[in-house]
Amino acid sequence: MRVLVQRVTSARVTVAGEVVGEITPASQGLLALVGVTHDDDAATATKLAEKLWLMRILDDEKSAADIGAPILVVSQFTLYGNTTKGRRPTWNAAAPSAVAEPLVDAFCDALRALGAQVQTGAFGADMSVELVNDGPVTVMLEL
């Protein structure tokens, strides 16, 4: 499982012109793009959720847990794109949706259990993601 995290001042996901999840302009929040691979499980999702919740990447070395920063989670199978050969990425390392969707849900559930305010995109949908990256700060989380 990979989580590409961006510190944001605002972020929004729209599907067919309708907002399905957003972090409104306020202080800071986190946009988490989540990719799942074949050998991931619920324990991996929980560990990465904890890591994200406690990671000190907000102002003054604070974590989302410290300030109750909102988190917008968007499924992103392309984080497992392989670009080593040719000009077309392959997606073989990305888990199929039947495996990935429950694990993205488990990641969100684990964040909520920790106290996070979580918004989400729509799994498998053609989404538009808008964000204002703060810093900019972008970090890749893996175990």
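Note: the structure precedes this text.
Sequence positions are assigned chain by chain, starting from 1 and proceeding in written order. Restriction of local features to residues with pLDDT of at least 70 applies here, the model being predicted, together with a cutoff of 80 or more for giving and counting side-chain atom pairs; totals for whole chains, interfaces and linings are based on all residues. For the side-chain quantities, the full set of heavy atoms in the structure was used; hydrogens and water were omitted.

A. Geometry of the pattern of salt bridges. Think of a salt bridge as a Lys or Arg side-chain nitrogen and an Asp or Glu carboxyl oxygen that are within 4 Å of each other. Per the stated rule, a full pass over the model turns up six salt bridges. Put simply, Arg2 and Glu142 hold a salt bridge, and the shortest N to O gap is 2.8 Å. Within this pair, whereas Arg2 is found in strand 1 (residues 2–15), its partner Glu142 is found in the segment after strand 6 (127–141), the two being separated by 140 residues in sequence. Summary of the burial criterion: residues with accessible area below 20% of their type's maximum are buried, those above 50% are exposed, and those between are partly exposed, where the area comes from a 1.4 Å probe applied to protein chains only. The partly exposed category is assigned to Arg2, whose relative accessible area is 24%. Here Asp134 ties to Arg7 by a salt bridge, and the two come within 3.4 Å at their closest N and O atoms. Here the residue Asp134 occupies a position in strand 6, and Arg7 occupies one in strand 1, the gap between them amounting to 127 residues. Side by side, Asp134 and Arg7 carry an identical accessibility label, which is buried. Taken together, the shared-partner salt bridges in this structure form one network comprising Arg7, Asp59 and Asp134. Helix and strand labels come from DSSP, where a helix needs a run of H or I of at least four residues and a strand needs a run of E of at least two; each type is numbered from the N terminus.

B. Broad picture of helix 3 (residues 97–114). A rise of 1.5 Å per residue sets the reference length of helix 3, with its 18 residues, at 26 Å; its end C-alpha atoms lie 25 Å apart and thus fit the reference within 8%. Contacts are assigned to residue pairs with any non-hydrogen atoms lying within 4.5 Å of each other. Residues of helix 3 that are buried make contact with strand 1, strand 3 (29–35), helix 1 (42–54), strand 4 (71–75) and strand 5 (118–120). Just beyond helix 3, the residue with positive phi is Gly115, at close to 110 degrees. The length a helix should cover is 1.5 Å for every residue beyond the first.

C. The pairing of strand 3, seen in detail. Summarising burial for strand 3: seven of the seven residues are buried, a large majority. Along strand 3, one buried face is formed by Gly29, Leu31, Leu33 and Gly35 and the opposite face, lined by Leu30, Ala32 and Val34, is buried too. Two strands form a pair only when DSSP identifies at least two bridges running between them. Of the pairings in the sheet, the one linking strand 1 to strand 3 comprises seven bridges and is antiparallel in character. In the strand pairing of strand 3, Val3 is matched with Val34.

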